[in-house]
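# Results of the structural survey
These are the residues of each chain, in order.
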Amino acid sequence: MKFKQLLKRFMLPLLSVFVFCYSTYAQTVTLKGKVTDEKGEPIAGASVKIKNTNIGSVTGGSGMFSINYTGQGTLVVSAIGFTAQEIKLTGQAQVNIALAEDNKVLNEVVVTALGIKRDKRILTYSSQEIKGESLAQSKEPNLVNAIAGKVAGVQVTSSSGTPGSSARIVIRGGSSFYGTNEPLMVIDGIPVDNSETGSLNSGPGTNRIADIDPSIIASMNVLKGAAATALYGSKGANGVVIITTKNGALNKKPLITFSSDFSFENPLLPQIQSKYSLGNNGIYFDGETNKTSTSWGAEMDTLKINGQPAKTYNQSDLFFKTGHTYNNTVNIGGGGSNSTYLVSYSNFNQQGTVPTTQFLRNTFFAKYSAQVLKNLNTTFQLNYSNSQNDRLPEGYALESPVWTVFTAPVSYNLQPYLNADGSQRLFRFSRNNPYWVLDNIKNHSGVNRFLPTFTADYKPLSWLTITERFGADVYTEMDRYHESTESVSNPNGRLVDQNINYRQYNNDLLISANKQFGDFNIDVVLGNNLLSSYSENTYANGVGLTVPGLYNMASASTVTYKEGSSLQRKIGFYLQSNIEYKRFLLLSLTGRYNGNSVLSTAHNFYPYGSAAGSFIFSEFFSPELSKVMNLGKVRVSYGTVGNDGSIGAYGLLTPYNIATIRNLAFPYGGQAGFLISDVLGNPNLKNERINEFEAGFEAGFFNNRISLEASFYSKKTIDGIIPSVALAPSTGYAYTSVNSAVMRNRGIEVLLSATPIKSRDFNWDLTLNFTRNRNKVLAIYKDLNQLGNGFTNIIVGQPYGVIYGTRYARNAAGKLLTDDSGLPYADDNQGIIGNINPNWLGGINNNFRYKQFNFSFFFDIKRGGDIQNNVDGYGYFYGTPKVTENRGLRVVDGVNATTGQPNTVAVNGQAYYQRANSVLESVIQDGSYVKLRNVSLGYTLKPSWLSKSPFKSATFSVTGRNLWIHAPHFTGGDPEVSSFGSSNGSQGIYSFSTPTSRSIDFSLKVTL
């Protein structure tokens, strides 16, 4: 009995101790595992939780996780773009989970503002991503050209066919009258400079994004509206292009990839006549004893020189050559269980179609990511590039060789370019011989650029991340221009030296939190941004070479030197919150308080933000309907952002400038002289403001076999900066700057993607995009209705970018008026004669895969958009355009201004076209085109064929660019060109720039 009583007395405590010990043991079970996709690739950032508890973790870069649990429960694993999975736990210490893609959503994670990755399904604004494979397939050396025609709402315009030339990109139309209208470029979260530099004479330069090697790019995401870009402050007012570079791979042995490209380029030439010789009024001039600039001479078929039939010289074929491009890239990537690495080197060499022009680029890229601690990940990367660019003057400058080639007579041999006495051989007096230019004029630029970036992500809690990101953009540029003695434009020779030092530092500190509260998912980002930009420029211009051929500034007899520097700082505090309710209702709020050192203290800080919402109605579909339409979403947003416009550093001050008094220029007689500027600085200037409303619809059908996205936007620029408003002479100044302009852009964008055929052996992917933008200038300043802006004009009530100039005189019925000689003439009053803005833009991209073959072709379409064709305009005087071959008598369809009767006086071709040369309206042409921009055919060898070789894969491809262009109303070579660069006032001009090219590229890519 004593034993039983003792047992009863101790049984309960012993049982309690046992249960406690078991419970303690169970709580200390450590579960480790790895989360991957169906292909075995690790999934970073996946949520791993014990159901109905607060126990959880998030996978690192290797997809690994570790949590402690009681030994019993249900593990819930979820990740954006994947179907959540539940696993019953019964004391396991190891588990591996493979998540399947969730076809109910768009299955696309994109990089958004500040480098934050988000599920495209929950975005409340419009963005479009271009994959790195598509960029590489385009074979474009400039990233901007690589996205031409592929993104709805985006217009890309090339400037020239010279290697390294700039390209302009504008998103949803121009927003600033005089400030830049190009978007901010961001690489891995760091803003980078995309200024156009390098040209010391007429013609375009290079936009600095050309320093980036396209082969290291994983994707480019274009953020379009204010709601998408507000976090970037005033830098992002014109849209943002997010560039994400490639990474190494976890748990992968070193993988070596080598690719080599070689291409041929042939120029796309304007239509030039070859029927008539040098001369005037049908009389032949030989260019030696009788000189003239015009080709209104004798007909070549009947012309005899020294008793022999005259020889015809095709000046373009003789001058231009077949260009060649070589591009070799090698990269090594891989990683261990907690780190990845990627190292890449590229050598790019483009020899232009104009002899002596070239663009050379050597780039080195290294990226290393490591999980230093369980909750700390770091990434360090360095992008270095060295580029060398040789170009020649373009446009209608006297030094431009293209001008002379396009207007040279077919009866005259331009070679040799020297006379027996060593002087330059000319058929005319006012233009250099183009072959002389090749040896005696040169514009060289050299750039060294460094882009280092460091990022650290620290997760003190599973739902909280602290990110520190620091990056820099540092480059030095040396530009040199020389023009030999005996040049027509500078007979004593000329030298220019320019040096640019640019430094930009960017720092972001972000705190992001993601937490589930019942049916609500809250995502918050709080951050601070510091941006500092410094530029320094020295410029020396020397004329009069005392030692011909010595291109050293010490050889110049007169040197003018100037230098400048500027420092600008911006600071921003921003907050973004995304609230999701039951996966169908989303609200996104963004706010930023921005400070800018270039503005006055009364206006240098300003707030702005955005509000956006989405309703995903497909969440309410039945399972049967979801199989047909897996996604349906409507979204609406409103945002307001600031824009610096044309305010530069120290732009509010009234500076002193080098003095010029009548014909006396300083420095004079060794004495410097300065006068205060006649443009009065306005210390009260504030930033421009852009208010934008956007509404959109997104849908996915048949598990995204078909997807549709459509957007409508309306954005309005207010307080636009006008830098040249006239002042009363009594003030002592001529102009000042004001905040007064108002401009509006409205448009629609449509993107349709489809996979009509999808099987194991054959796939067909189709993408179509459509863009329509309507721009209108609503106000300039008080009752001021018109301002000039380079080649285009700003006119109230008209689109930004109309062409204004001389037009033909017409009667009330619109009929041409002619004078008594039977020729039309210019109206006394100038007027609007064109509009450079297209009616709409479109793109059609097809990609086919059949077993080891891949075939794609891409059509780029532009409807409308006028071009001022100066090649024809000046050519009308010289008699060189193809249309001038018709030189017979004609009666102009018009009304005699004197009699009011129909014109009956016949005129010859020379008189008609030389009269047209004086009327700008005659050379305004419709720039509509359909362009077969890219065609590519590739073949990947079967792995079994390489089993006994050191190669893991090998791909051969052939790519053609600009193979066919249909431009029925344009007589130039390529209607997608702006001869003087990417600035606002340089658009819509085709004027003796180096022709763009049609090219064939052969490519080999192998991996080891």
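Computed from a prediction, not measured in an experiment: that's the story for all the values here.

### Notes on the sheet that holds strand β17 (residues 217-223)
Sheet strands associate in pairs through backbone hydrogen bonding, adopting either a parallel or an antiparallel arrangement. Spatial ordering of the open sheet is given by β10-β17-β18-β13-β14, a layout of five strands whose pairing is mixed. Among the strands making up the open sheet, the edge pair consists of β10 (127-131) and β14 (190-192). Averaged over all pairs of adjacent strands, the angle between their axes in this sheet comes to 25°, without regard to strand direction. Sheet topology note: the strand β13 (residues 184-187)/β14 ladder contains three bridges and is antiparallel. Each bridged residue has a counterpart across the sheet, and for Met185 the counterpart in β14 is Val192.

### Re the pairing of strand β42 (residues 706-726)
Sheet topology note: the strand β41 (residues 688-701)/β42 ladder contains 13 bridges and is antiparallel. Along β42, the bridge assignment pairs Glu698 with Glu709. Where β41 folds back onto β42 in an antiparallel hairpin, the turn is made up of four residues, including Phe702, whose phi is positive at roughly 55°. With 17 bridges joining them, β42 and strand β43 (residues 735-758) adopt antiparallel strand pairing. The residue of β43 that forms the bridge with Ala726 is Tyr735.

### Let's talk about helix α9 (residues 870-878)
Judged by how many residues are buried, α9 sits mostly within the fold: seven of nine residues are covered. Between the side-chain oxygen of the N-cap and the backbone nitrogen of Val871 there are 3.1 Å, and the N-cap of α9 in question is Asn869. One or two steps after α9, the chain reaches Gly879, where phi turns positive at roughly 80°.

### Some details on unusual backbone geometry
Note the cis peptide between Gln415 and Pro416, where omega equals 0°. Phi is positive for Asn281, close to 55°, though the residue is something other than glycine. With respect to the element layout, Asn281 can be found in the loop between β20 (279-280) and β21 (283-284). Note on Asn281: relative accessible area 54%, which makes it exposed. Located in the positive-phi region is Lys782, a residue other than glycine, with phi close to 50°. Mapped onto the fold, Lys782 is located in the loop between β44 (762-779) and β45 (786-789). A relative accessible area of 71% places Lys782 in the exposed class.

### What to know about the environment of Leu727
In this fold, Leu727 is placed in the loop between β42 and β43. Residue class for Leu727 comes out partly exposed when judged on its relative accessible area of 26%. The sequence separation of Leu727 and Tyr668 amounts to 59 residues, and the corresponding C-alpha distance is 30 Å. Beyond its immediate sequence surroundings of up to four residues, Leu727 is in contact with Leu680, Tyr733, Ala734, Tyr735 and Thr736.

### Quick notes on the side chain of Asn327
For Asn327, the location among the structural elements is in strand β24 (residues 323-335). For Asn327, the side chain forms a polar contact with the side chain of Ser346, separated by 3.4 Å. The contact partners of Asn327, leaving out residues within four places of it in the chain, are Ser259, Ser260, Asp261, Ser346, Asn347 and Phe348.

### As for the confidence of the model for the protein chain
Confidence in the prediction for the protein chain averages 90 pLDDT; 96% of positions are at 70 or higher. Taken as a whole, residues 10-26 scores under 50 in pLDDT and shows three contacts with residues more than four places along the chain or in a different chain.

### Observations concerning a nonpolar patch on the surface
A cluster of nonpolar side chains, contributed by Ile256, Ile332, Val343, Tyr345, Phe364, Phe951 and Leu1008, occupies part of the molecular surface with about 510 Å² of accessible area. Looking at the element boundaries, Phe364 is found in strand β26 (residues 358-373). You can call Phe364 partly exposed: its relative accessible area is 33%.

### With respect to the side chain of Gln868
Here Gln868 is to be found in strand β52 (residues 866-869). Discounting residues that sit within four places of it in the chain, Gln868 has contacts with Ile803, Leu920, Val923, Ile924, Gly988, Ile989 and Tyr990.

### A few points about the sheet that holds β52
Taken in spatial order, the three strands line up as β56-β52-β59 in an open sheet, and their pairing is mixed. A single partner strand is all that each edge strand has here, and the edge strands are β56 (924-926) and β59 (989-990). Note that β52 and β56 share three bridges and pair antiparallel. Considered in β56, the bridge of Ile867 is made with Gln925. Set on the sheet, α9 makes contact with β52, β56 and β59; between it and β52 the angle comes to about 35°.

Cut-offs and rules
- Residues numbered from 1 in each chain as written.
- Predicted model: local features only at pLDDT ≥ 70, side-chain atom pairs only at ≥ 80, totals over all residues.
- Heavy atoms only, no water.
- Pairing = 2+ DSSP bridges.
- Helix = DSSP H or I, 4+ residues; strand = E, 2+ residues; numbered from the N terminus.
- Axes fitted to C-alpha atoms, helices over the stretch in contact; angles between N-to-C directions.
- Buried < 20%, exposed > 50% of the residue type's maximum accessible area, 1.4 Å probe, protein only.
- Polar contact = N/O pair within 3.5 Å; in protein donor to acceptor, adjacent residues only side chain to side chain.
- Contact = heavy atoms within 4.5 Å.
- pLDDT = per-residue confidence, 0-100.
- Patch = residues over 30% accessible without salt bridge, like charges linked within 9 Å, V, L, I, M, F, W, Y side chains within 5 Å.
- Areas by Shrake-Rupley, 256 points an atom, 1.4 Å probe, with all protein chains shown as cover.
- Salt bridge = Lys/Arg side-chain N within 4 Å of Asp/Glu carboxyl O.

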